[in-house]
Structures are given as C-alpha cells and as structure tokens.
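# Coordinate analysis (summary)
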Amino acid sequence: MTEKPDFQERLARAKFRSWHRGTREADYMIGGFFDRYHESWGEAEMAWFEDLLAEDDVDVMAWALKSQPTPPRFQGPLIELMQRLDYVDMSR
C-alpha cells in the first residue's frame, strides 16, 4: 500500500511544480504566487493549489489576468490573491 505524502512533502512537490511550468511567464506567475502565500496555507488551500497545478498554464494565467472567467471550483480568496499580481518579482 502506498503511503500518502505528508503536508511538507506536498509543499515541496507543489513548489517544484509551480516553478517548472514550461514557460518563464507561468513560472513567475504560479511560482511567485506559491512563494508569497504558501506559508499561511492549511489543508484546504493546499488542496486548491494542487488542483490548480493540474490545469493548463494558459487557463490559469487567463484566470489570473481576468481575461477568462474563473471556473466556480477555483473562485474565492486564493484566485483573488493571484489576480492582484503583486507577488511577481521581475528582477532585471
């Protein structure tokens, strides 16, 4: 029987997955969001983010930029935080 990963293991996986999306833009948006907010997450927030990571980057970015409506299952305070985009550090 496979043992479920504990919360810290899930965080580590989520961090990796959020910073290795395939495009620099998605890495900054999704990885930056993870870095800024993950320390305050509980089980519900972590489950939401893991579900979000399973979605296509194009869709997640469209929801964050408000160019497409956010599906009901992702609506709420976390997507609203992502939509602020005040967590993206674009160092030059």
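Preceding block: the structure.
Below or above, wherever it landed, is the structure these notes cover. It should be emphasised that the depicted structure is a prediction, and the values quoted were computed from it without experimental measurement. In this numbering scheme, every chain counts its residues from 1 along its sequence in written order. Local features in this predicted model are restricted to residues of pLDDT 70 or higher, and side-chain atom pairs are both shown and tallied only at a pLDDT of 80 or more, whereas totals for entire chains, interfaces and linings draw on every residue. To get the side-chain values, all heavy atoms of the structure are used, and hydrogens and water are removed first.

### Quick look at unusual backbone geometry
Short version of the rule: Numbering goes from the N terminus for both helices and strands, where a helix is a DSSP run of H or I of at least four residues and a strand is a run of E of at least two. Buried means the residue's accessible area, taken with a 1.4 Å probe over protein chains only, is under 20% of the maximum for its type, while exposed means over 50%, and partly exposed covers the values in between.
The phi dihedral of Lys-66 falls on the positive side, at around 60°, and the residue is not glycine. Its location among the elements puts Lys-66 in the loop between helix 4 (57–64) and helix 5 (77–84). Overall, the relative accessible area of 58% leaves Lys-66 in the exposed class. Phi at Leu-85 is positive, roughly 55°, even though this residue is not glycine. Inspection of the secondary structure puts Leu-85 in the segment after helix 5.

### Structural notes on the side chain of Arg-10
We apply this condition: Think of a polar contact as two N or O atoms within 3.5 Å of one another; within protein, one of them needs to be a possible hydrogen donor and the other a possible acceptor, and neighboring residues in sequence only count if both atoms come from side chains. By definition, residues are in contact when any of their heavy atoms lie within 4.5 Å.
Within the fold, Arg-10 resides in helix 1 (residues 7–19). Relative accessible area serves as the criterion here: at 13%, Arg-10 is assigned to the buried category. Among the polar contacts listed, one links the side chain of Arg-10 to the side chain of Glu-43, at a separation of 2.8 Å. If sequence neighbours within four positions are ignored, Arg-10 has contacts with Pro-5, Glu-43, Met-46, Ala-47 and Glu-50.

### With respect to the packing of helix 2 (residues 24–37) against helix 3 (residues 43–53)
Each packed pair of helices is defined by two parameters, the angle between the axes and the distance between the axes. We count it as follows: Angles here are taken between N-to-C directions and fall from 0 to 180 degrees, while the axes themselves are lines fitted to C-alpha atoms, restricted in helices to the stretch in contact. With respect to orientation, any angle under 35 degrees is reported as roughly parallel, any angle over 145 as roughly antiparallel, any angle of 65 to 115 as roughly perpendicular, and every other angle as oblique. Asp, Glu, Lys and Arg are counted as charged, while Ala, Val, Leu, Ile, Met, Phe, Trp, Tyr, Cys and Pro are counted as nonpolar; the rest, among them Gly, fall into the polar class.
It is at 12 Å that the axes of helix 2 and helix 3 come closest, and there the two elements cross at 170°. Classified by the angle between their axes, helix 2 and helix 3 sit roughly antiparallel to one another. Each of Ile-30, Phe-33 and Phe-34 in helix 2 lies in contact with helix 3, whose residues at this interface are Trp-48, Phe-49 and Leu-53. Taken together, the residues of the contact of helix 2 with helix 3 break down into 6 nonpolar, no polar and no charged.

Any link to function would need more than the numbers given here.
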